[in-house]
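Here's the letter readout for the chains.
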Amino acid sequence: MAQNSNFKSPERLDALEGGAAGQSSGSVAGGKARGGSLDGVDFERRSFLGKAVVGVGAVVAASTLYPVVNYIIPPPEKEVKEKDEIVVGKASEVPPDSGKIYQFNKDKVIVVNNGGTLTAVSAVCTHLGCLVQWKSDEKNIYCACHGARYTDDGQIISGPQPLPLAPFGVRVDGDDLIISKA
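All of the points below concern the structure found in this document. Since this is a predicted model, take the numbers as computed values, not measurements. (Residues numbered from 1 in each chain as written. Predicted model: local features only at pLDDT ≥ 70, side-chain atom pairs only at ≥ 80, totals over all residues. Heavy atoms only, no water.)

### A short note on the environment of Val121
Along the chain, the position of Val121 falls in strand 4 (residues 117–122). Judged by its relative accessible area of 1%, Val121 falls in the buried class. Taking C-alpha positions, Val121 is 6.5 Å from Asp153, a pair spaced 32 residues apart along the chain. For Val121, the residues in contact, after removing those within four places along its chain, are Lys108, Val109, Ile110, Ile141, Asp152, Asp153, Gly154, Leu165, Ala166, Pro167 and Phe168. (Helix = DSSP H or I, 4+ residues; strand = E, 2+ residues; numbered from the N terminus. Buried < 20%, exposed > 50% of the residue type's maximum accessible area, 1.4 Å probe, protein only. Contact = heavy atoms within 4.5 Å.)

### Some details on the pattern of salt bridges
Counted according to the given criterion, the structure contains seven salt bridges. Across the pair Lys90 and Asp176 runs a salt bridge whose closest N-O atoms are separated by 3.1 Å. You can see Lys90 sitting in strand 1 (residues 85–90) and its partner Asp176 sitting in strand 10 (residues 176–181), a full 86 residues away along the chain. Classification of Lys90 as partly exposed rests on a relative accessible area of 38%. In this structure, Lys100 engages Glu93 in a salt bridge whose closest nitrogen and oxygen atoms are separated by 3.5 Å. Exposure remark for Glu93: the relative accessible area of 36% places this residue in the partly exposed category. (Salt bridge = Lys/Arg side-chain N within 4 Å of Asp/Glu carboxyl O.)

### Some remarks on the packing of aromatic side chains
According to the stated counting rule, one finds one aromatic pair in the structure shown. Measuring from centroid to centroid gives 5.6 Å for Phe104 and Phe168, while their planes differ by 75 degrees, and the two rings are edge-to-face. Of this pair, Phe104 sits in strand 2 (residues 98–104) while Phe168 sits in strand 9 (residues 167–173); the two residues are 64 residues apart in sequence, bridging distant segments of the chain. In terms of burial, Phe104 and Phe168 fall into one category: buried. Note that Lys135 overlies the ring of Tyr142, its terminal NZ or CZ placed 4.7 Å from the centroid. (Phe/Tyr/Trp six-rings, centres within 6.5 Å; stacked < 30°, edge-to-face > 60°. Lys NZ or Arg CZ within 6 Å of the ring centre and 35° of its normal.)

### So, the state of the cysteines
Counted by the stated rule, this structure contains one disulfide. Across a sulfur-sulfur distance of 1.9 Å, Cys130 and Cys145 are joined as a disulfide pair. Sign of the S-S torsion, about -110 degrees for the bond between Cys130 and Cys145, identifies this disulfide as left-handed. Of this pair, Cys130 sits in the loop between strand 4 and strand 5 (133–135) while Cys145 sits in the loop between strand 6 (140–143) and strand 7 (148–150), and the two are 15 residues apart along the sequence. For Cys130, a relative accessible area of 18% corresponds to the buried category. (Disulfide = S-S within 2.5 Å.)

Listed below in structure tokens is the structure:
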């Protein structure tokens, strides 16, 4: 008949500890109980599974929160030493009656070749910060966001912009195109 008692009932523990060495009562040869060397260690299945679930939950939480925290807290910006002059490309990259945008330090600069005369101004419209472009058919700088128009040297022609484009220096040295602060 099956026993309906708790696994750790006092009667069951007494039977296991006091049993004969040759019986299957939980003792090993030599009369020593199996659990004798593991006193104080709790090997219950329920507590082990609880600890395993908590551990897996902690790993999942950490792996989920790490990218979220990195997204919310941006890394510190690397300080780049600004230069007064930078070689941005070749002069042949800006053929006559065209314009090209280059990166100068932290600024975007449009270099315009209007009939062989090179000019450089900020490529960011002063109205809402959109990038401008050179319209060779109209011979002016155009902002597609709200129709702002500038001359090749950045002066206002028409549109909602409050200020002209900031000027930059540009020169050719050999075939190198060099932009400098104005």
